Amino acid sequence: MAQLGGGRGATPAAFERIVFKNASEHHYVKVCLEFQEGGVRLNAAHFKQLILSALKELHGEVGAALPVDVLTYEEKTLSAILRVSSSGLVKLWSALTLLGSYQNRKCAFRVIQTSPFLLALSGNSRELILD
Amino acid sequence: MVRFKHRYLLCEIVSEDPRCRQCIDERAVSAAAKDAVARTHGDYGLACCSISFTGLRLPLLPDPLSRGTARTPETGSGVAHRSLDVERGVFVSVSQGVVKYLNAYTGIVLLRCRKDFYRLLWSALPFVTYLENRNQRYSCFFNTLHVGGTIRTCQKFLIQYNRKQLLLLLHNCTSEEERQSIQKSVLSCCLKEVEEEQSQSGDEDDCAETD
């Protein structure tokens, strides 16, 4: 193919093909923790601990060693934005899904949004109110 | 039809304590491997490897623990069979579990895992630090020698590896008796190869060096 192109003369290719593969280093996940009965208080450290224990249970010490950061955490709504390296997104998500209880109280993680860009989490098209 | 592809990990159990040799058996090795996988890769890793850990074991070989009394005659004959094999220097394990081959004398173990998940097992093996058998613990570690796709390639590698080890032993021996016995075993494995090759094609270039 390259020889053919060279034989045709000096006309360079008229177009340039750019392939953009999303190679972002991190993924951002917006999650919300729900308890079956209300009135459970959880500070940020305990929240992180809960995520780590979920990772350790499902994926062992390798999973617990994943770089997961809690960027923001709201104690009132129990919602948080997590940052995780892209290769660990699936592990984190599966661990959150299979988490069932915290201190013998049933709970569940809802993953609200996930994106490779933090800015994308600032708005949610599903919650838009159209006039 | 497609077959399930496996990876076979040929490992050497290295231990400072010579008593560790006694406790190398199939159950101890597979328990140690499972424990390491469960610790490093959690429930997911254990489940991935368990597909091949148990394999066909359930229908073919019921767990000896649960039916200990019913299987005593069988295990008795198994022991006799094994001791015969030990005299020839081979300790063959017949189960379909994670351990496919085990040689307690040289500490060689062949582990089997599904091809998709062998990395999980492989990366967990360095975290095995001891073998436990009959409430006795001996510290040891696994040294992975070879990763192969079939038992046959692993066997080929093992034969070559053992031949090299024999030469090393010959180099390090101290007394004349040791030297002679090792020379004898070197000769015997080379002669066997010569016979095989003569019967097949007649290529003897490998043996020219060792003789």
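No experiment lies behind these values; they were computed from the predicted model shown. (Residues numbered from 1 in each chain as written. Chains lettered and ligands numbered in written order. Predicted model: local features only at pLDDT ≥ 70, side-chain atom pairs only at ≥ 80, totals over all residues.)

**Q** Honestly, the overall build of chain B in this entry has me stumped. Any pointers?
**A** What chain B contains, in helices and strands, is 7 helices and 6 strands. Reading the helices (α) and strands (β) of chain B from amino to carboxyl end gives β-α-α-α-β-β-α-β-β-β-α-α-α. The buried share among the 211 residues of chain B stands at 25%. Considering only intrachain contacts with a sequence separation of at least 6, the fraction spanning at least 24 residues in chain B is 66%. (Helix = DSSP H or I, 4+ residues; strand = E, 2+ residues; numbered from the N terminus. Buried ≥ 20, exposed ≤ 12 C-beta atoms within 10 Å, placed from the backbone. Contact = placed C-beta atoms within 7 Å.)

**Q** Just to check I follow, could you spell out the overall build of chain A for this structure?
**A** When helices and strands are tallied, chain A shows 3 helices and 5 strands. Sequence-ordered secondary structure for chain A, helices as α and strands as β, is α-β-α-β-β-α-β-β. Taking all contacts inside chain A whose residues are at least 6 apart in sequence as the whole, residues at least 24 apart take part in 69%.

**Q** Hey, could you run me through the environment of Ala54(A) in this one?
**A** Residue and element names in this part refer to chain A. Tracing the chain through its elements places Ala54 in helix 2 (residues 44-64). A residue is classified by how many C-beta atoms lie within 10 Å of it, and Ala54, with 22 of them, is buried. The residues contacting Ala54, other than those within four sequence positions of it, are Ala95, Leu96 and Leu99.

**Q** Mind showing me how you'd approach the sheet that holds strand 3 (residues 79-85) of chain A here?
**A** Residues and elements named next belong to chain A. Ordered by their spatial adjacency, 5 strands build an open sheet running 2-3-1-5-4, and the pairing between neighbours is antiparallel. With partners counted over all chains shown, the strands left at the sheet margins are strand 2 (68-74) and strand 4 (101-102), one partner each. Of the strands in this sheet, strand 2, strand 3 and strand 4 touch helix 2, which is tilted by about 140 degrees from strand 2. Contacts between helix 3 (residues 89-97) and the sheet are confined to strand 1 (26-35), strand 2, strand 3 and strand 5 (105-115), with strand 5 contributing the most and set at about 150 degrees to the helix. (Pairing = 2+ DSSP bridges. Axes fitted to C-alpha atoms, helices over the stretch in contact; angles between N-to-C directions.)

**Q** Hey, could you run me through helix 3 of chain A in this one?
**A** Along an α-helix, a turn takes 3.6 residues, which lines up residues three or four apart on a common side. All names here are of chain A. All of the buried residues along helix 3 are Lys91, Leu92, Ala95 and Leu96. Projected down its long axis, helix 3 carries its buried residues within an arc of 125 degrees, all on one side. For helix 3, the elements touching its buried residues are strand 1, helix 2, strand 2, strand 3 and strand 5. (Arc of directions from axis to C-beta.)

**Q** Honestly, the interface of chain A and chain B in this entry has me stumped. Any pointers?
**A** One widely used convention gives an interface's size as the accessible area the parts lose upon coming together. Listed per partner, the contact involves 8 residues of chain A and 8 residues of chain B. Its residues assigned to classes, the side of chain A that touches chain B shows 2 nonpolar, 3 polar and 3 charged. (Nonpolar A, V, L, I, M, F, W, Y, C, P; charged D, E, K, R; others polar.)

**Q** Please clarify how the sheet that holds strand 3 (residues 108-114) of chain B should be interpreted in this entry.
**A** Adjacent strands of a sheet pair through backbone hydrogen bonds, lying either parallel or antiparallel. All names here are of chain B. Strand order across the open sheet formed by 4 strands is 2-3-1-6, with antiparallel pairing between neighbours. Only two strands of the sheet have a single neighbouring strand rather than two, namely strand 2 (99-103) and strand 6 (141-148). Neighbour to neighbour, the strand axes of the sheet diverge by 25 degrees on average, direction disregarded.

**Q** Looking at this structure, how should I read the packing of helix 2 of chain A against helix 3 of chain A?
**A** What describes two packed helices is the angle between their axes and the distance between those same axes. Residues and elements named next belong to chain A. The N-to-C vectors of helix 2 and helix 3 enclose an angle of 150 degrees; their axes lie 7 Å apart at closest approach. Comparing their axes, helix 3 and helix 2 come out roughly antiparallel. Facing helix 2, whose interface residues are Ala54, Leu55, Leu58, His59 and Gly63, helix 3 presents Lys91, Leu92, Ser94, Ala95 and Leu96. Taken together, the residues of the contact of helix 2 with helix 3 sort by class into 6 nonpolar, 3 polar and 1 charged. (Parallel < 35°, antiparallel > 145°, perpendicular 65-115°, else oblique.)

**Q** Would you mind showing me how to read the nonpolar core here?
**A** Grouped burial of nonpolar side chains is what soluble globular proteins tend to show. Residues and elements named next belong to chain B. The biggest cluster of nonpolar side chains holds 55 residues, and the ones touching the most others in it are Val29, Ala33, Val109, Leu111, Leu121 and Leu131. Ranked by residues supplied to this core, first place goes to helix 1 (residues 26-54) with 9 residues. The contact partners of Val29, leaving out residues within four places of it in the chain, are Ile24, Val99, Leu102, Val109 and Leu131. (Core = buried A, V, L, I, M, F, W, Y, C linked by C-beta atoms within 7 Å.)

**Q** Mind showing me how you'd approach helix 2 of chain A here?
**A** All names here are of chain A. The end-to-end C-alpha distance of helix 2 is 17 Å, clearly below the 30 Å that 21 residues give at a rise of 1.5 Å each. Within helix 2, the axis deviates most sharply at Leu58, by approximately 115 degrees. Those residues of helix 2 not exposed but buried are Ile51, Ala54, Leu55, Leu58, His59, Gly60, Val62 and Gly63. (Expected span 1.5 Å × (residues − 1). Bend = angle between axes of the 7 residues up to and from the residue.)

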